[in-house]
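Below are the chains, spelled out letter by letter.
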Amino acid sequence: MDEKVKEQILKVRDTGLTNMFDINAVQRIAYEMDFHELVIFIEEEKAAYVRFILTGEE
């Protein structure tokens, strides 16, 4: 995970609009915020995304 994706995850989290485990909602919010890298990252690296949400490890 690169720094850009990490920053995008944190910005989506900071909106408080969804539970970060609701992956579909996270992708929708990311898309609306023009965080296309995050949308693609979740599609391609779902396990890495969940690991980061659970543990903070990249």
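Only a predicted model underlies this, so the values are computations on that prediction, with no experimental measurement involved. (Residues numbered from 1 in each chain as written. Predicted model: local features only at pLDDT ≥ 70, side-chain atom pairs only at ≥ 80, totals over all residues. Heavy atoms only, no water.)

**Section: the packing of helix H3 (residues 36–44) against helix H4 (residues 46–55)**
Here is step 1 of the chain: Where H3 contacts H4, the axes come no closer than 5 Å and their chain directions differ by 105°. Between H3 and H4, the crossing angle belongs to the class labelled roughly perpendicular. Packed against H3, whose contacting residues are Phe41, Ile42 and Glu44, the element H4 presents Lys46, Ala48 and Tyr49 at the interface.
Here is step 2 of the chain: Taken together, the residues that form the contact of H3 with H4 break down as four nonpolar, no polar and two charged. (Axes fitted to C-alpha atoms, helices over the stretch in contact; angles between N-to-C directions. Helix = DSSP H or I, 4+ residues; strand = E, 2+ residues; numbered from the N terminus. Parallel < 35°, antiparallel > 145°, perpendicular 65-115°, else oblique. Contact = heavy atoms within 4.5 Å. Nonpolar A, V, L, I, M, F, W, Y, C, P; charged D, E, K, R; others polar.)

**What about the side chain of glutamine 27?**
Here is step 1 of the chain: Of note, glutamine 27 is situated in helix H2 (residues 23–32).
Here is step 2 of the chain: Looking at glutamine 27, the relative accessible area reads 10%, which means it is buried.
Here is step 3 of the chain: The contacts of glutamine 27, once residues within four sequence positions are left out, are Val39, Ile42 and Glu43. (Buried < 20%, exposed > 50% of the residue type's maximum accessible area, 1.4 Å probe, protein only.)

**Considering H3**
Residues separated by three or four positions in an α-helix point in the same direction, a consequence of the helix having 3.6 residues per turn.
Here is step 1 of the chain: Considered for burial, the residues of H3 that qualify are Leu38, Val39, Phe41 and Ile42. Buried positions in H3, seen along its axis, are confined to an arc of 165° and lie on one side of it. More than 90 degrees from the buried face of H3, the exposed residues found are Glu43 and Glu44.
Here is step 2 of the chain: Contacts from the buried residues of H3 go to helix H1 (3–15), H2 and H4. (Arc of directions from axis to C-beta.)

**Considerations on the nonpolar core**
Here is step 1 of the chain: Residues Ile9, Val12, Leu38 and Tyr49 are the most contacted members of the largest nonpolar core, which totals 16 residues.
Here is step 2 of the chain: Excluding residues that lie within four positions of it along the chain, valine 12 makes contacts with Met20, Val26, Ile29, Ala30, Met33, Phe35 and Leu38. (Core = buried A, V, L, I, M, F, W, Y, C linked by side-chain atoms within 4.5 Å.)

**A look at unusual backbone geometry**
Here is step 1 of the chain: The backbone of aspartate 34 shows a phi angle near 65°, a positive value even though the residue is not glycine.
Here is step 2 of the chain: Along the chain, aspartate 34 turns up in the loop between H2 and H3.
Here is step 3 of the chain: Accessibility expressed as a relative area gives 54% for aspartate 34, which makes it exposed.

**Observations regarding the environment of leucine 10**
Here is step 1 of the chain: Among the secondary structure elements, leucine 10 is positioned in helix H1.
Here is step 2 of the chain: As for leucine 10 and isoleucine 53, which are separated by 43 residues in sequence, their C-alpha atoms are 9.6 Å apart.

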